[in-house]
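Here is what each chain is made of, one letter per residue.
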Amino acid sequence: MKRSQDEQLDRLLSDWASKTATGKAAREALRKAIYRVSDEVETPPVVELASLWQQRRSRWRVVTGITAATVAVLLLGVGMWYRSELDPTAGGGRKSMTLVDQSRQASPPPLNADVSADHLRRLWQEHYRLFGARLSWLADRGDHTEIGLSEPVIQSSSNDLVGIELVLWSRSTVDGKWQKVQALRVLAGPEHLVQVPSDEGTSEPLAIWAYPLDEEMVSIDLSFRPNLPGAPKFNQSMLQRLGEHTQIGDFEKDGIEYRLYQAADLIPSGKLG
Amino acid sequence: MTNFQTTKSAVALDELLTRHIDAVRNLAYRIVLCNSTADDVTQEVFAKVIDHAASFRGTAKFSTWLYRITVNTAKEHLRQRRITLEIAEHSDAIASAEYCRPEQRVMDGELTERIADAMSQLSTKLRTAIVLTSIEQLPAKEAAAIAGCSTATMHWRVHQARKQLKKLLYGYLMS
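What counts as what
- Residues numbered from 1 in each chain as written.
- Chains lettered and ligands numbered in written order.
- Predicted model: local features only at pLDDT ≥ 70, side-chain atom pairs only at ≥ 80, totals over all residues.
- Heavy atoms only, no water.
- Helix = DSSP H or I, 4+ residues; strand = E, 2+ residues; numbered from the N terminus.
- Buried < 20%, exposed > 50% of the residue type's maximum accessible area, 1.4 Å probe, protein only.
- Contact = heavy atoms within 4.5 Å.
- Areas by Shrake-Rupley, 256 points an atom, 1.4 Å probe, with all protein chains shown as cover.
- Core = buried A, V, L, I, M, F, W, Y, C linked by side-chain atoms within 4.5 Å.
- Salt bridge = Lys/Arg side-chain N within 4 Å of Asp/Glu carboxyl O.
- Pairing = 2+ DSSP bridges.
- Axes fitted to C-alpha atoms, helices over the stretch in contact; angles between N-to-C directions.
- Patch = residues over 30% accessible without salt bridge, like charges linked within 9 Å, V, L, I, M, F, W, Y side chains within 5 Å.
- pLDDT = per-residue confidence, 0-100.
- Parallel < 35°, antiparallel > 145°, perpendicular 65-115°, else oblique.
- Nonpolar A, V, L, I, M, F, W, Y, C, P; charged D, E, K, R; others polar.

Caption draft 1: Region of interest: the overall build of chain B. Each helix and strand in chain B was counted, giving nine helices and zero strands. Of all 175 residues assigned to chain B, the portion counted as buried reaches 51%. In chain B, the share of contacts with a sequence separation of at least 24, taken over all contacts with a separation of at least 6, comes to 65%. Carbon and sulfur atoms form 52% of the exposed surface of chain B, whose accessible area is close to 8100 Å².

Structure, rendered in structure tokens:
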């Protein structure tokens, strides 16, 4: 059944691709446009130097204009983003709050944003002694550890590990306090696909893929179903700021509110010893 | 490509375009899902190819190099479009940068639009993965080289993309 659906999907996509392929008119128009912007093409000897200079100048005018517009848009975008970061009500990422009155907490307590806990680092070092460069990832569930092995990875110039913490909180309807239900910490090389087998009661593995970016950000793809009967599955592809915790989903079950939080950090390769 | 690197002649450029313009334009459209943006991406890709022809060392397949430029350029255009849309929303102005809805082409009909809508709901990474493997029919390893990720990651992205598309196109797969 699954195979048949895969084949049907492939056929649909293939048909769609054929029907939306470039037409002759569009192709010819594109050709002309590309020739116009190309000033690398060898010109016939009869073309005067003055007209060559005009062609080059007009192209630079276009390029400069596009570049200036792009920079303006980017600056404006950065300004808007910065404003939203200063003003929590302007939208963007959630900021959790810890109220003084613990009897009714609006949000769970902040996660330990330093995901690279000492014990997690030690676990990595111990397993690395056993498995060397084959060690691809490590997952700490608190009561046990899982590891993933792969073919030895050619060391890139950046060997930083990405640490990710997922915590599922629940809030009691009685006292309104948040309690940790499930916690998982993962340590992996960049772009190493982490697939943690499920606990008993669920049938799907947790999958995480992370890639460090500039400016203290990391790209995370996540597929996770909490270890609760009837819990929804979270499929996320998002940018996570290092050192911050972010609510990535919530649900309600039997009158209890649940929230899933995520935090990420980087461990520089030097700290692994 | 070698001919173009050496001579930079109009004839060589013409041959380069003849061989690759359709592939680039089609790949661009399948990622950005907008004809006008796909045209912009295609022009920019060939401008880059012309400007950086000397940097292609021939150690990898030319098509892989070209596809990689196309994918990165398409992603950059999508990113710019998202910034422009957010600015338009914040300023409460009429969006001068219109969201380019997936356009119907040769075959009008519910199915074509439905597939384009479904593709537009995938993230750029997942859409790129399914386009490179299922539509362009590239092996996962080559698709991974183009997308700049590991082969395992490419397999996972394709798996996720298929799952989402099957949900979105459920009615058409059952019939």
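Caption draft 2: Spatial organisation of the nonpolar core. In terms of nonpolar packing, the biggest core is built from 56 residues, with Leu-13 and Trp-16 of chain A together with Met-119, Ile-130, Met-154 and Leu-165 of chain B touching the most fellow members. The biggest single contributor to this core is helix α2 (residues 10-32) of chain B, with 10 residues. For Ile-130 of chain B, the contacting residues outside a window of four places in its chain are Leu-13 of chain A together with Met-119, Leu-122, Ile-135, Val-158, Ala-161, Arg-162 and Leu-165 of chain B. The next biggest cluster of nonpolar side chains, apart from the first, holds 28 residues, and it includes Trp-137, Leu-166, Leu-206 and Phe-234 of chain A.

Caption draft 3: Inspection of the pattern of salt bridges at higher detail. All names here are of chain A. Under the defined criterion, the tally for this structure stands at 17 salt bridges over all chains. Ionic pairing is found between Glu-165 and Arg-185, a salt bridge with its closest N-O pair at 3.0 Å. Here Glu-165, found in strand β3 (residues 161-171), pairs with Arg-185, found in strand β4 (residues 178-188); they are 20 residues apart in sequence, far enough to count as distant. Accessibility classification places Glu-165 together with Arg-185 in one group, the buried group.

Caption draft 4: Fine view of unusual backbone geometry. Backbone geometry places Asp-254 of chain A, a non-glycine residue, at a positive phi of 50 degrees. Assessed through its relative accessible area of 69%, Asp-254 of chain A is described here as exposed. Even without a glycine there, the phi angle at Leu-33 of chain B is positive, about 55 degrees. With respect to the secondary-structure elements, Leu-33 of chain B resides in the loop between α2 and α3 (35-51). For Leu-33 of chain B, a relative accessible area of 3% translates into the label buried.

Caption draft 5: Main features of the sheet that holds strand β5 (residues 194-196) of chain A. Sheet architecture is open: four strands sit in the order β5-β6-β7-β8 (chain A), paired in antiparallel fashion. The open sheet is flanked by β5 and β8 (234-241) of chain A, the only strands paired with a single partner. The sheet shows a mean angle of 15 degrees between the axes of neighbouring strands, direction not considered. Across six bridges, the pairing between strand β6 (residues 206-212) of chain A and strand β7 (residues 217-224) of chain A is antiparallel. Bridge pairing in β7 of chain A links Trp-209 of chain A to Asp-221 of chain A. Running over the sheet, helix α8 (residues 151-168) of chain B touches β6, β7 and β8 of chain A and is turned about 55 degrees from β7 of chain A.

Caption draft 6: Highlighting a nonpolar patch on the surface. A cluster of nonpolar side chains, contributed by Tyr-211, Leu-213 and Leu-239 of chain A, occupies part of the molecular surface with about 260 Å² of accessible area. With respect to the helices, strands and loops of the structure, Tyr-211 of chain A is situated in strand β6.

Caption draft 7: Spotlight on the pairing of β3 of chain A. All names here are of chain A. A large share of β3 lies buried, amounting to 11 of its 11 residues. Of the two faces of β3, the one lined by Leu-161, Gly-163, Glu-165, Val-167, Trp-169 and Arg-171 and the one lined by Val-162, Ile-164, Leu-166, Leu-168 and Ser-170 are each fully buried. Where β3 and strand β10 (residues 256-267) come together, 11 bridges link them in antiparallel fashion. When the bridges of β10 are listed, Arg-171 appears paired with Glu-257.

Caption draft 8: Structural context of the sheet that holds strand β9 (residues 245-253) of chain A. Residue and element names in this part refer to chain A. Read across the sheet, six strands follow the order β2-β1-β4-β3-β10-β9 without closing on themselves; strand pairing throughout is antiparallel. Since the sheet does not close on itself, it has two edges, and those belong to β2 (145-149) and β9, each with one partner. Adjacent strand axes in the sheet meet at a mean angle of 15 degrees, parallel and antiparallel pairs treated alike. Sheet analysis places strand β1 (residues 135-140) next to β2, joined by five bridges and oriented antiparallel. Among the inter-strand pairings, Ala-139 is bridged to a residue of β2, identified as Glu-146. Against the sheet, helix α4 (residues 118-131) contacts β1, β2, β3, β4 and β10, and its axis sits at roughly 140 degrees relative to β1.

Caption draft 9: Looking closely at the confidence of the model for chain B. Residue and element names in this part refer to chain B. For chain B, the mean per-residue pLDDT works out to 80, and 74% of the residues sit at or above 70. Here helix α1 (residues 2-7) stands out as the least confident element of chain B, with mean pLDDT 60; helix α6 (residues 124-135) is the most confident, with 94. Long-range and interchain partners of residues 90-99, a stretch whose pLDDT sits below 50, account for 10 contacts in this model, where long-range means more than four residues apart. The low-confidence segment residues 101-107, where pLDDT is below 50, has 22 contacts with residues more than four positions distant or belonging to other chains. We note a pTM of 0.49 for the whole complex and an ipTM of 0.81 for its interfaces.

Caption draft 10: Spatial organisation of the packing of helix α7 (residues 140-147) of chain B against α8 of chain B. Residue and element names in this part refer to chain B. Their axes nearest at 8 Å, the elements α7 and α8 cross at an angle of 100 degrees. Judged by the inter-axis angle, α7 sits roughly perpendicular to α8. Residues Ala-140, Lys-141, Ala-143, Ala-144 and Ala-147 of α7 form the contact with α8, whose own contacting residues are Thr-151, Met-154, His-155 and Arg-157. Across the contact of α7 with α8, the residue classes break down as five nonpolar, two polar and two charged.

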